[in-house]
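Residue-level structure breakdown
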Amino acid sequence: MAPGVRLVQKVSATRTFARIAPHVVPAMDRAVHRLTRGRVLLSSRMLPGLVLTVPGARSGVPRTTPLACMPEGGAERSWILVGSNFGRTGHPAWTANLLAGPDSAVVNWRGRDIPVHATLLKGAEREEVWAAALRFWPPYEAYQARIDREIRLFRLRPREDS
């Protein structure tokens, strides 16, 4: 574990972090990602990260969001996205966008754009992945405890047609 990760985990589980981080972290990530032409995400110094682009569920306008992810199966076999919204009340907008267009998403992973198919995980599969997500980033448990909704989990896999 990288130095300082435990401290970051403690801080990120707080309500104060949940109020501030959604406004600061994505903006910083987007700016650095753009400046480095997709090579760097600041938040990926703590957790692996990707940049998700998916059309808005209502507008159809492409929406780009830097997100932490849990890579599965090695080099780009699949990624788990956790719709925690930092433990805030509503589901993050990107989850509705994936539900509306599961085959219209693209991830930028380590500077490469990869068209993906998104699957909302349910039942036993969701429970298994949730347990892995809690081992991967324990603050997710604090996020879930604060809210009355089930945190959405998605598996993204490269599309066959890409």
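The structure reproduced in this document is the subject of the present report. As the structure is a prediction and not an experimental result, all values here were calculated from the model.

1. Structural notes on the overall build of the chain
Across its full length, the chain carries five helices and seven strands. Mapped in sequence order, the helices and strands of the chain form the string α-α-β-β-β-β-α-β-β-α-α-β. In the chain, which comprises 162 residues, the proportion classed as buried is 40%. Of the contacts made within the chain by residues no fewer than 6 positions apart, 65% connect residues no fewer than 24 positions apart.

2. Digging into the pattern of salt bridges
Per the stated rule, a full pass over the model turns up four salt bridges. When the shortest N-O distance is used, the salt bridge between Arg-155 and Glu-72 registers 2.7 Å. Remark: Glu-72 occurs in strand 3 (residues 70-72) and Arg-155 occurs in strand 7 (residues 152-158); sequence separation between them is 83 residues. Assessed through its relative accessible area of 9%, Arg-155 is described here as buried. Linking Arg-155 and Glu-125 is a salt bridge whose minimum nitrogen-to-oxygen distance equals 2.5 Å. Taken as a pair, Arg-155 in strand 7 and Glu-125 in helix 4 (residues 123-136) lie far apart in primary sequence, 30 residues in all. Residue classification places Glu-125 among the partly exposed positions, given a relative accessible area of 38%. Each of Glu-72, Glu-125 and Arg-155 takes part in one network of salt bridges that share partners.

3. Considerations on the pairing of strand 5 (residues 105-109)
Buried residues dominate strand 5, accounting for four of its five residues. Relative to strand 5, strand 1 (residues 49-55) runs antiparallel, the two sharing three bridges. By the bridge assignment, Val-51 is partnered in strand 5 with Asn-108.

4. As for helix 3 (residues 93-100)
For helix 3, the full list of buried residues reads Trp-94, Thr-95, Asn-97 and Leu-98. Within helix 3, the buried residues cover an arc of 160° as seen down the axis, which keeps them to one side. Within helix 3, the exposed residues directed more than 90 degrees away from the buried face are Ala-93 and Ala-100. The inward-facing, buried residues of helix 3 abut strand 1, strand 2 (62-68), strand 4 (78-83), strand 5, strand 6 (112-120) and strand 7.

5. Structural notes on the sheet that holds strand 5
Strand order in the open sheet formed by seven strands is 2-1-5-6-7-4-3, with antiparallel pairing between adjacent strands. Edge positions in the sheet fall to strand 2 and strand 3, since each has one partner strand and no second. Pairs of neighbouring strands in the sheet enclose a mean axial angle of 35°, with direction left out of account. Where strand 5 lies against strand 6, five bridges are found, and the strand directions are antiparallel. Note on strand 6: the bridge partner recorded for Val-106 is Pro-115. This element, helix 3, spans strand 1, strand 2, strand 4, strand 5, strand 6 and strand 7 of the sheet and lies at about 55° to strand 7.

How each quantity is defined
Residues numbered from 1 in each chain as written. Predicted model: local features only at pLDDT ≥ 70, side-chain atom pairs only at ≥ 80, totals over all residues. Heavy atoms only, no water. Helix = DSSP H or I, 4+ residues; strand = E, 2+ residues; numbered from the N terminus. Buried < 20%, exposed > 50% of the residue type's maximum accessible area, 1.4 Å probe, protein only. Contact = heavy atoms within 4.5 Å. Salt bridge = Lys/Arg side-chain N within 4 Å of Asp/Glu carboxyl O. Pairing = 2+ DSSP bridges. Arc of directions from axis to C-beta. Axes fitted to C-alpha atoms, helices over the stretch in contact; angles between N-to-C directions.

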